[in-house]
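This is what each chain is made of:
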Amino acid sequence: MSADLRAALGDRTGGAGDVAPLVRPVGVLDPTDPCEDVDQAFRTDPALGCLAVRPRAEDPHRRWGLVSRGPFLTAMAGRLGYGRSVNARRPISAFTDWDALVVSPGTTVARAAQLVLARDRAARYSEVLVLAEGEHDDDGGQPGHLEVEDVLRDLAAELAHKALTDPLTGLANREHFLERLAAAHPPLALVYVDVDDFKAINDSFGHATGDQVLQRVASRLRGAVRPGDLAARLGGDEFALLLRPPAPEERVVAWAQEVGQRLLSRLTEPVQLGGRVLPGQASVGVAVSTGGFDPTALLHEADLAMYGAKAAGGSRCAVVEGGAAPSITAAHAPDRTELHAAVAQGRFLLHFQPIVEVGSGRLASTEALVRWDHPHRGLLPPAAFLGDVAAAGFGAELDAHVLRTALAQQARWVAALGEAAPPCVNVNLSVPGLLRGDLVPQVLAELDRAGLPPRALRVELPEIATTAHVAAASASLSALRAAGVAVVLDDVGSGAAGLAHLRDLQLDGVKIDRRYVMGMLTDERDAAVVRMLVEMAHGLGASVTAEGAETPAHLQALRDLAAERPGRRLHAQGFAISRPVPPEQLTAAWTTGWDLPAPAPATGAL
């Protein structure tokens, strides 16, 4: 943005997440300027996309207008090629869009995208006018304009950043930390931090105070890292740092001990919250690697070192040295033989989570979620083994097992409950499962084996699928939809690829990433993203499921959102309805009724 335009906008470029940094200068016309002059301007400058038009004198609302290159040049060419001779002397006001979308420079990127997508398709020009406060009432000043492509690109980057960030502290989240750790090269140090007696803080002073303590810890950790290092919140009151040692290799362990002690000193300073002073209490574990290393083992070593410091009385630091052969053995990674055996022995189990229509509470579907009943480690959630499954190249085989098991359970529900059974079941695909060449015949064969119609199945595309993956699978997805199987895009908003999939795919449904639904009660930007994604999906003819409905307040917020869109169904999934549970527990729950309105037989699509 130019200095002149920044001054004209009142230097309103500092708001986080607003459109001001994206604003470009725009030429200004008077309503009486002849079309031949504007035509000449567009034809001599191929880069000129639009022009602003000052308010008409007779307009009591003093609205600015917009002339966009494409529609104007089409009008000037005319249907039979005589447009320029007919329109040359006409005032530009005759070809001005006086209902152009106008925003202020303080409008958030998410809100601007929502406003663009909410307009009729015919009115979605590629530019948006930007007016500083006061310009709506005064024809003075210098407006700017936004390219819609810039807005959507910035929104995609914002969503991608948020997918890697812990919403409470602003640090990296667990996924981001593990990705960076997996890509790291020694020498390095991994620091594991746990707040001592954090439960007592929550119990004594409330969760709001507990959240403030976590934010204060995050601030201290953020101040302790150098450029290139990474601070993250792994979950709860556990944090981690990934540090690059500046010392020579022979001094790395001594350096790590010094870092741990300095960090401990910072974390154990008293925490002042308003008029309350709480003691700073934390245990620190540091694991060092100077050679080849296993990321999982190094994280485990740091975790054990931290627990050793805690067991010694807390507010201490313990340092261990890793290496090519870590002193703590890494968790055993299963190979294909072990995974095949687990399938054959029935150790991969399915839990199901209901998906309901928020207005009526009617059961619309269930999502099948895999668990591993490990003979030594107990019942494992997906996060504990799906990475190993992918590394072993077993993703497509596990998909096939989950599909067959889920459809068999759906068939049992239909046989036992009739119209009270869930109308369909959602089954997730991994990237290898999505790309298998026989995906369509495999899915249709499993439906036939279970005795179910194609409409009983909804396949969920993996959120990590790239645009290249989706392009490679497009023929299979089209064939599945043609056969009657619904295609759903999972975790929309978790990264930039999801927005591209919305553009490139024909979808029956989308699921909004849970972090935005969980944050919509306290963060206006999260709420704006949810509204924008709902509007976008409905505009594309797809149904919407909001994941992460964890409390009654979330459900009520979604009901209110659905009430604004009569005739368009909005669905919810989350702990406020039910956790994922074994099928027999879920059957008992819906036959006796939830706290939501009792489910009624229905075949409405999600």
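The rules behind each value
- Counting restarts for each chain: residues are numbered from 1 in the order of the written sequence.
- Under the rules for a predicted model, residues below a pLDDT of 70 receive no local features and side-chain atom pairs below 80 are neither given nor counted, while totals for whole chains, interfaces and linings still include all residues.
- With hydrogens and water stripped out, all remaining heavy atoms of the structure feed into the side-chain values.
- In this text, helices come from DSSP runs of H or I with a minimum length of four residues, and strands from runs of E with a minimum of two, each type numbered from the N-terminal end.
- The contact criterion used is simple: two residues touch if any of their non-hydrogen atoms lie within 4.5 Å.
- Computed by Shrake-Rupley with a 1.4 Å probe, the accessible areas treat only the displayed protein chains as cover when residues are assessed.
- When a residue's accessible area, from a 1.4 Å probe over protein chains only, is under 20% of the maximum for its type it is buried; when over 50% it is exposed; and in between it is partly exposed.
- The patches reported here contain residues having more than 30% relative accessible area and no salt bridge. Joining distances are 9 Å for like charges and 5 Å for nonpolar side chains (Val, Leu, Ile, Met, Phe, Trp, Tyr).
- Here, a salt bridge means any side-chain nitrogen of Lys or Arg that lies within 4 Å of a carboxyl oxygen of Asp or Glu.
- In this analysis, axes come from line fits to C-alpha atoms, helices being fitted only over the stretch in contact, and the angle between any two N-to-C directions falls in the range 0 to 180 degrees.
- In what follows, roughly perpendicular refers to angles from 65 to 115 degrees, roughly parallel to angles under 35, roughly antiparallel to angles over 145, and oblique to any angle outside these ranges.
- Helix crossings fall into two classes, left-handed where the near helix is turned counterclockwise from the far one by less than a right angle and right-handed where it is turned clockwise.
- Amino acids are sorted into nonpolar (Ala, Val, Leu, Ile, Met, Phe, Trp, Tyr, Cys and Pro), charged (Asp, Glu, Lys and Arg) and polar (every other residue, Gly among them).
- Multiplying 1.5 Å by the helix residue count minus one yields the expected span of that helix.
- Any two strands between which DSSP finds at least two bridges are classified as paired.
- In summary, the pairing rule links any two rings of Phe, Tyr or Trp, Trp by its six-membered ring, whose centres are within 6.5 Å, and it sorts them by plane angle into stacked for under 30 degrees, edge-to-face for over 60 and tilted for everything else.
- In the analysis that follows, any N or O atom pair within 3.5 Å is treated as a polar contact, provided that within protein one partner can donate a hydrogen and the other can accept it, and provided that, for residues neighboring in sequence, both atoms belong to side chains.

J.: Pulling in residues and values, what's your account of the overall build of the chain?
T.: Looking only at helices and strands, the chain has 22 helices and 23 strands in total. For the chain, the share of sequence-separated contacts (at least 6 apart) that also reach a separation of at least 24 residues comes to 70%. Split by element, the accessible area of the chain, about 27300 Å² in all, is 52% carbon and sulfur.

J.: Can you break down unusual backbone geometry residue by residue, with the values?
T.: Pro 187 follows Pro 186 through a cis peptide bond whose omega is 5 degrees. Looking at the secondary structure, you find Pro 187 in the loop between α7 (174-183) and β8 (188-195). At Arg 62, a position not held by glycine, the phi torsion is positive, near 50 degrees. Turning to its location among the elements, Arg 62 is positioned in the loop between β3 (50-53) and β4 (65-68). Take Arg 62: its relative accessible area is 21%, and that puts it in the partly exposed class. Of note, Asp 491 is a non-glycine position whose phi angle comes to about 55 degrees, a positive value. For Asp 491, a relative accessible area of 15% puts it in the buried group.

J.: Run through a nonpolar patch on the surface, naming residues and quoting values.
T.: Taken together, Leu 80, Tyr 82 and Val 86 make up a surface patch of nonpolar side chains, about 390 Å² in accessible area. Looking at the secondary structure, you find Leu 80 in the loop between α3 (69-77) and α4 (83-87).

J.: I'd like a rundown of the packing of helix α5 (residues 109-118) against helix α6 (residues 148-163), residues and numbers included.
T.: Look at α5 against α6: their axes get within 9 Å of each other, and the N-to-C directions meet at 130 degrees. By the angle class used here, α5 and α6 are oblique. Note on packing geometry: the crossing formed by α5 with α6 is left-handed. Of the residues in α6, those in contact with Val 109, Ala 110, Ala 112, Ala 113 and Val 116 of α5 are Val 148, Val 151, Leu 152, Asp 154, Leu 155 and Glu 158. Partitioning the contact of α5 with α6 into residue classes produces 9 nonpolar, no polar and 2 charged.

J.: Lay out α6 in plain terms, naming residues and giving numbers.
T.: If you check α6, its first and last C-alpha atoms are 23 Å apart, about what 16 residues at 1.5 Å a residue would give, namely 22 Å. When we look at burial in α6, the residues that qualify are Val 148, Asp 150, Val 151, Leu 155, Ala 156, Glu 158, Leu 159 and Ala 163.

J.: Summarise the environment of Leu 230; cite the residues concerned and give the values.
T.: Here Leu 230 is to be found in strand β9 (residues 230-235). Owing to a relative accessible area of 9%, Leu 230 belongs among the buried residues under this scheme.

J.: How would you summarise the sheet that holds strand β10 (residues 238-243) if you had to cite specific residues and measurements?
T.: Taken in spatial order, the 5 strands make up an open sheet running β9-β10-β8-β13-β14, and their pairing is mixed. Where the open sheet ends on each side, the last strands, each with one partner, are β9 and β14 (317-321). When strand polarity is set aside, the average angle formed by the axes of neighbouring strands in this sheet is 20 degrees. Contacts from α7 reach β8, β9 and β10 within the one sheet, and its direction differs from that of β9 by about 130 degrees.

J.: Residue-level account of the environment of His 374, with values.
T.: Summarising the element assignment, His 374 is placed in strand β16 (residues 363-374). With 27 residues separating them in the primary sequence, His 374 and Arg 347 have C-alpha atoms 6.8 Å apart. Among all residues touching His 374, those that are not within four sequence positions of it are Glu 338, Arg 347 and Leu 380.

J.: Tell me about the packing of aromatic side chains, and please be specific about residues and values.
T.: Summed over the entire model, instances satisfying the criterion amount to 6 aromatic pairs. Here Phe 72 and Phe 95 contribute two aromatic rings whose centre-to-centre distance is 6.1 Å and whose plane-to-plane angle is 90 degrees, an arrangement assigned as edge-to-face. On the criterion of sequence distance, the pair formed by Phe 72 in helix α3 and Phe 95 in the loop between α4 and β5 (102-103) is long-range, its members being 23 residues apart. Judged by its relative accessible area of 22%, Phe 95 falls in the partly exposed class. Aromatic side chains Phe 348 and Trp 372 sit 5.1 Å apart centroid to centroid with 35 degrees between the ring planes, which places their arrangement in the tilted category.

J.: Any details on the environment of Leu 477? Residues and values, ideally.
T.: Position of Leu 477 relative to the elements: it lies in helix α17 (residues 467-483). Exposure remark for Leu 477: the relative accessible area of 3% places this residue in the buried category. For the pair Leu 477 and Val 487, spaced 10 residues apart in the sequence, the C-alpha separation amounts to 7.2 Å. Not counting residues up to four positions away in its chain, the partners in contact with Leu 477 are Leu 434, Leu 461, Val 487 and Leu 505.

J.: Hey, could you go over the side chain of Glu 446 for me, with residue numbers and the actual values?
T.: Note that Glu 446 resides in helix α16 (residues 439-450). A distance of 3.3 Å separates the side chain of Glu 446 from the side chain of Arg 449, its partner in a polar contact. The residues contacting Glu 446, other than those within four sequence positions of it, are Leu 403, Arg 404 and Leu 407.

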